[in-house]
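Structure assessment
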Amino acid sequence: MTIERALRALAGLLVTLSVALGYWVHPGFFLFTAFVGLNLLQSTFTNACPAIAIFRRLGLRGCVPADARPPRS
């Protein structure tokens, strides 16, 4: 699994979990949903995300850009 896929999986899991908790447990959990969304938004501009640093330490590899791959024969 690559860092980018792990990050999307983590974000999807956290959003789904916080929406479910906000619906069934307490509406305050919707604030966590907003936090995850704002963190994703700020990471697009700053290119800084704590989860990426954690995934790198866990040994996940990054994606190879499509234009850096050798052509298929």
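In what follows, the accompanying structure is described. (Residues numbered from 1 in each chain as written. Predicted model: local features only at pLDDT ≥ 70, side-chain atom pairs only at ≥ 80, totals over all residues. Heavy atoms only, no water.)

**As for the packing of aromatic side chains**
- This structure, assessed with the given rule, holds two aromatic pairs.
- Relative to Trp 24, the ring of Tyr 23 has its centre 5.2 Å away and its plane inclined at 80°; by these criteria the two rings are edge-to-face. With respect to class, Tyr 23 is no different from Trp 24; both count as exposed.
- For the ring pair Phe 32 and Phe 35, a centre distance of 6.2 Å and an interplane angle of 25° mean the geometry is stacked. Here Phe 32 pairs with Phe 35, and both are found in helix α2 (residues 30-46), just three residues apart, close to one helical turn.
- Judged by its relative accessible area of 36%, Phe 32 falls in the partly exposed class.
- Overall, Phe 35 belongs to the exposed group, its relative accessible area being 52%. (Phe/Tyr/Trp six-rings, centres within 6.5 Å; stacked < 30°, edge-to-face > 60°. Buried < 20%, exposed > 50% of the residue type's maximum accessible area, 1.4 Å probe, protein only. Helix = DSSP H or I, 4+ residues; strand = E, 2+ residues; numbered from the N terminus.)

**With respect to a nonpolar patch on the surface**
- Nonpolar side chains collect at one region of the surface, where Val 19, Tyr 23, Trp 24, Val 25, Phe 29 and Phe 30 lie side by side and expose about 680 Å² of accessible area between them.
- Here Phe 29 is to be found in the loop between α1 (3-24) and α2. (Patch = residues over 30% accessible without salt bridge, like charges linked within 9 Å, V, L, I, M, F, W, Y side chains within 5 Å. Areas by Shrake-Rupley, 256 points an atom, 1.4 Å probe, with all protein chains shown as cover. Salt bridge = Lys/Arg side-chain N within 4 Å of Asp/Glu carboxyl O.)

**Structural notes on the side chain of Thr 2**
- Among the secondary structure elements, Thr 2 is positioned in the segment before α1.
- Here Thr 2 is in contact with Leu 60, Arg 61, Gly 62 and Cys 63, once residues within four sequence places are set aside. (Contact = heavy atoms within 4.5 Å.)

**Quick look at the packing of α1 against α2**
- Direction vectors running N to C along α1 and α2 enclose 160°, while the axes themselves pass 7 Å from each other. When the axis of α1 is compared with that of α2, the two are roughly antiparallel. Every pair of crossing elements has a handedness; the one defined by α1 and α2 is left-handed. Packed against α1, whose contacting residues are Ala 11, Leu 14, Val 15, Ser 18, Val 19, Gly 22 and Tyr 23, the element α2 presents Phe 30, Phe 32, Thr 33, Val 36 and Leu 40 at the interface.
- Along the lines of polarity and charge, the residues of the contact of α1 with α2 split into nine nonpolar, three polar and no charged. (Axes fitted to C-alpha atoms, helices over the stretch in contact; angles between N-to-C directions. Parallel < 35°, antiparallel > 145°, perpendicular 65-115°, else oblique. Left-handed = near helix turned anticlockwise from the far one by under 90°. Nonpolar A, V, L, I, M, F, W, Y, C, P; charged D, E, K, R; others polar.)

In short, shape yes, function no, at least from these values alone.
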